[in-house]
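Each chain, written out:
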Amino acid sequence: RGQLIDNRCYLDGGGSAVNFFANEDITVGSTVGSLRVLGDPGKDIVLTLREKDSPVYIAPGTKDLIVAKPLDKEGLIGPSAVFVNVICERKFSDETGIIIPVNIRVTDVNDNAPMWIGAPYKLNLSEVTVIGTRILQGIRAIDLDQPGPYSTVEYQTLPGPYSDYVAFVTPLEGTLVLKKFIDFETVQNFTVKMRAQDQGKPPKYSDTYVTIIVLDSDDQNPKFMRDVYYGQLPTEKGEIKITPETIRAEDQDRGIRADIRYSIVSSNGSEDEANFEIHPTSGVIRLVRAITPSQGRHSRTLVVKATQVDNPDRYALTTVVLSSPKQQTPDSSASNVINVQPSIGGAEFVRGTFYATVREDSRPGTLISQLTGVQGSSNVGQFRYAIAGSTIAQEQFRIGPAGEIILVKPLTFRRTPQYAFTIDAFDDRSGARNFSTSVVIDVLPANVWEPRFRKPFYSFVIDSPLQTQHLPVLVGRIEAADGDRTDELTFALKGNYSNLFRADPYGNLWLVSNRTDLPVAMRLLATVTDSGTPPKSATVPVVVKLRPETASLTSNLLVINIVVACILGTLLLGGCIRCIYRRRKRKVSSAEQIVAHGSSSSSGGVPPLKHGHSSNRFLLQRAEQRMLERPSMTGIGRLNDCAASSTYGSDNQDFIDGERGKHYTIG
């Protein structure tokens, strides 16, 4: 009879090892798998692990492998792989137990969220930074999961108050670019929330912040506290009191606050410019030369300029209206008299029409003009004045007891640019009308608004000027507007390449000249100035770029010009060398012919020199120093055409003397 085979501890289905797969997020106490071992662990086999400190164990009385410690594919909180040996022993047998290798492979799951490196972020950014500039590079978040979708990080900015200012170049690149212009005067710093998330389903993410501190740049002109200042014209030299406050201007770039210097740039004539001076730092105006009584009867308007010390191109203008002493009224601090009629005694008006002008921004209570004597004269209260013939004028103006015209309501140039009405004078004692006169008051528009550009930055792309056949060529339009309806705008360009361009009054930018050495980008500054009083201006950067293909063409043309110049220079140098070589060769050939001719003459040779040297050797040695042409013989045998040179002198005189009286014939 055959003997029975004991197959206990063998693997069901064959094999010598067991493999299991377990996710790294498997919990402690969970079953990894069951061993395919033949036999009953509770009856005829015993299963044990050879490793004492294994992350898994065999449940008693079963074939199941149980997780004893956390598993982690990244190996941070547990093993990333498990390899153990299971010892299977047969009961009721003397044979040695069988060792079964067990390999547990840990598989990755999306259990790690991206982690920011160096967060939160902070950067300084100038307010003149161009849109599209990469403002922050190197933003990075890492995911500890295994390479694949679980560790691929994507970046994005989250919605917020300032999220439209910046954005990532691509979701997979940690580079921030500027998407919107920033203004220091509007916002000095802001924070944007960012998120880094992996591609798991569902994804894991982490958030952080980037804080951007806006740096002020010199993009604003200084500004006076008021557009118009008022004062009383003194009769003697000294300081002039200015109302309603002292003259003061500040740099609108609050982050810079550049120092300001004051100066008087114009006034009512060169004589006035010599009469007044202003302190460069305090803004105090002084009368430095006494004025005559006739000059004191007229008002003065000075234009004061405030200039930045660090940038003379940044300045602001204001006006100072100085009224004569006789024009002082109880509300003289608000006086803004542009044109004042001379005082008239009594109610006898000057025949004709009174004309006066007043600024649109004059305050109610401003004295516009005075028709009769000042207050305190003997005829004050004797006459009563009234506006006749215009309801609008009666609401807008009133006539004082001394005949002064006073503004009652604010003026609006757009609504009413001129007022025309009649003033009647009544005698209070008799009640009869005494005289009447016509008054015309013109409203001058105030330069309230500064010109503004539609965009804070202009960029144009053009073809290379070398491909342009007709100039000028329209590059683009710089759009600007002014809130003051009557103001006209003028444009000016500054920069290294401003001479190539011109801006017309409509803001059209024209290319009027060309060059071969143009860069890819030409940077200009466009300044627009209005025609108001005082004039106001604004500046905007402009960049004119060449198209890539035309820019490369310009560079290629420049290279071709250089190559052609080098070739022409080489040809010229080669021609000079060739001429020198041929001339020297001709000299040597001439000398050799003379020597050969002398040796074949009838005398049997060239006679020696006086010094005893051979004439043949002399001619060979001095061939380069004598300018001898090819010799020719006359009818009697003497050399006839031998060009003299600087060496034709005492050294070869002996040879020539020896030749005299002898005749040579051509053989």
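Residues numbered from 1 in each chain as written. Predicted model: local features only at pLDDT ≥ 70, side-chain atom pairs only at ≥ 80, totals over all residues. Heavy atoms only, no water.

S.K.: Looking at this structure, how should I read the overall build of the protein?
M.R.: A tally of regular secondary structure across the protein gives six helices and 42 strands. Looking at the 667 residues of the protein, the share that counts as buried comes to 40%. Here the analysis covers contacts within the protein between residues at least 6 apart in sequence; of these, 66% occur between residues at least 24 apart. (Helix = DSSP H or I, 4+ residues; strand = E, 2+ residues; numbered from the N terminus. Buried < 20%, exposed > 50% of the residue type's maximum accessible area, 1.4 Å probe, protein only. Contact = heavy atoms within 4.5 Å.)

S.K.: Help me understand the sheet that holds strand S15 (residues 189-197), please; the structure alone is not making it clear to me.
M.R.: Note: strands within a sheet are paired through backbone hydrogen bonds, in either parallel or antiparallel orientation. Strand order in the open sheet formed by four strands is S9-S16-S15-S12, with mixed pairing between adjacent strands. With partners counted over all chains shown, the strands left at the sheet margins are strand S9 (121-126) and strand S12 (154-157), one partner each. Averaged over all neighbouring strand pairs, the angle between strand axes comes to 30°, with direction disregarded. As defined by bridge partners, S12 adjoins S15 across four bridges and the pair is classed as antiparallel. Within S15, the position partnered with Gln156 by the bridge is Arg195. (Pairing = 2+ DSSP bridges. Axes fitted to C-alpha atoms, helices over the stretch in contact; angles between N-to-C directions.)

S.K.: When you look at the pairing of strand S26 (residues 315-323) in this model, what are you seeing that I'm missing?
M.R.: Successive residues of a regular strand alternate their side chains across the two faces of the sheet. Extensive coverage of S26 is indicated by the burial of eight of its nine residues. In this structure, strand S18 (residues 228-232) lies alongside S26, joined through five bridges in parallel fashion. Within S26, the position partnered with Tyr230 by the bridge is Val321. Bridge count for strand S25 (residues 300-308) against S26 is eight bridges, and the pairing is antiparallel. Across the sheet, the residue bridging to Thr307 is Tyr315, located in S26. What sits between S25 and S26 in their antiparallel hairpin is a turn of six residues.

S.K.: Can you help me understand the confidence of the model for the protein in this one?
M.R.: The predicted coordinates of low-pLDDT regions are not to be read in fine detail. Of the residues in the protein, 77% have a pLDDT of 70 or more, and the chain-wide mean is 78. Here residues 373-380 scores under 50 on pLDDT; set against residues more than four positions off or in separate chains, the count is 15 contacts. A low-confidence stretch, residues 609-667 (pLDDT under 50), is modelled with 79 contacts involving residues beyond four sequence positions or located in other chains. (pLDDT = per-residue confidence, 0-100.)

S.K.: Before we go on, may I ask you to explain the sheet that holds strand S30 (residues 397-399) in this structure?
M.R.: Strand order in the open sheet formed by three strands is S28-S31-S30, with antiparallel pairing between adjacent strands. In this open sheet, the two edge strands, each paired with only one partner strand, are strand S28 (367-370) and S30. In this sheet, neighbouring strand axes are inclined to one another by 20° on average, regardless of whether the strands run parallel or antiparallel. Bridge count between S28 and strand S31 (residues 404-407): three bridges; the pairing is antiparallel. Of the residues in S31, the one forming a bridge with Leu367 is Ile406.

S.K.: How should the state of the cysteines be read in this particular structure?
M.R.: Think of a disulfide as a covalent bridge from one cysteine sulfur atom to another cysteine sulfur atom. Counting across every chain of the model gives one disulfide. Put simply, Cys9 and Cys88 are joined by a disulfide, and their sulfur atoms are 2.0 Å apart. Because the sign of the S-S torsion sets the handedness, a value of about -75° for the bond joining Cys9 and Cys88 places this disulfide among the left-handed ones. With Cys9 in the segment before strand S1 (18-23) and Cys88 in strand S6 (residues 81-90), this residue pair connects regions lying 79 residues apart in the sequence. According to the relative accessible area criterion, Cys9 is buried, its value standing at 2%. You can see Cys576 has no disulfide; the closest cysteine sulfur is in Cys579, sitting 6.6 Å from it. Exposure remark for Cys576: the relative accessible area of 40% places this residue in the partly exposed category. On the accessibility criterion, Cys579 (54% relative accessible area) is exposed. (Disulfide = S-S within 2.5 Å.)

S.K.: I'm lost on the pairing of strand S3 (residues 45-49) in this one. Help?
M.R.: With burial as the criterion, only one face of S3 is covered, namely that bearing Ile45, Leu47 and Leu49; the residues Val46 and Thr48 on the opposite face remain uncovered. Of the strand pairs in this sheet, S3 and S6 are connected by five bridges, and their pairing is antiparallel. Within the sheet, the bridge partner assigned to Ile45 lies in S6 and is Arg90.

S.K.: Please clarify how the packing of aromatic side chains should be interpreted in this entry.
M.R.: One pair of aromatic rings is described through two measures. These are the centre distance and the angle between the planes. One pass over the structure, following the stated rule, counts 12 aromatic pairs. Centre to centre, the rings of Phe397 and Tyr419 are 5.1 Å apart; their planes meet at 90°, and the pair counts as edge-to-face. Taken together, the positions of Phe397 in strand S30 and Tyr419 in strand S32 (residues 418-427) put the pair 22 residues apart, joining distant regions of the chain. As far as burial versus exposure is concerned, Phe397 and Tyr419 are alike and both buried. (Phe/Tyr/Trp six-rings, centres within 6.5 Å; stacked < 30°, edge-to-face > 60°.)

S.K.: Sorry if this is basic, but what is going on with the environment of Val187 here?
M.R.: Here Val187 lies in the loop between strand S14 (173-178) and S15. For Val187, a relative accessible area of 6% gives the class buried. Separated by 27 residues in sequence, Val187 and Val214 have C-alpha atoms that sit 7.3 Å apart.

S.K.: So what exactly am I meant to see when it comes to the pattern of salt bridges here?
M.R.: Oppositely charged side chains may form a pair once their charged atoms are brought near each other. For the structure on display, the rule yields 13 salt bridges. Glu95 is the partner of Arg90 in a salt bridge, and the nearest nitrogen-oxygen pair spans 2.7 Å. Take Glu95: its relative accessible area is 53%, and that puts it in the exposed class. Put simply, Lys193, Arg195 and Asp207 are held in one network by salt bridges that share partners. (Salt bridge = Lys/Arg side-chain N within 4 Å of Asp/Glu carboxyl O.)

S.K.: What am I meant to see in the environment of Gly13 here?
M.R.: By secondary structure assignment, the location of Gly13 is in the segment before S1. The exposure class assigned to Gly13 is exposed, which follows from its relative accessible area of 78%. For the pair Gly13 and Arg36, spaced 23 residues apart in the sequence, the C-alpha separation amounts to 8.1 Å.

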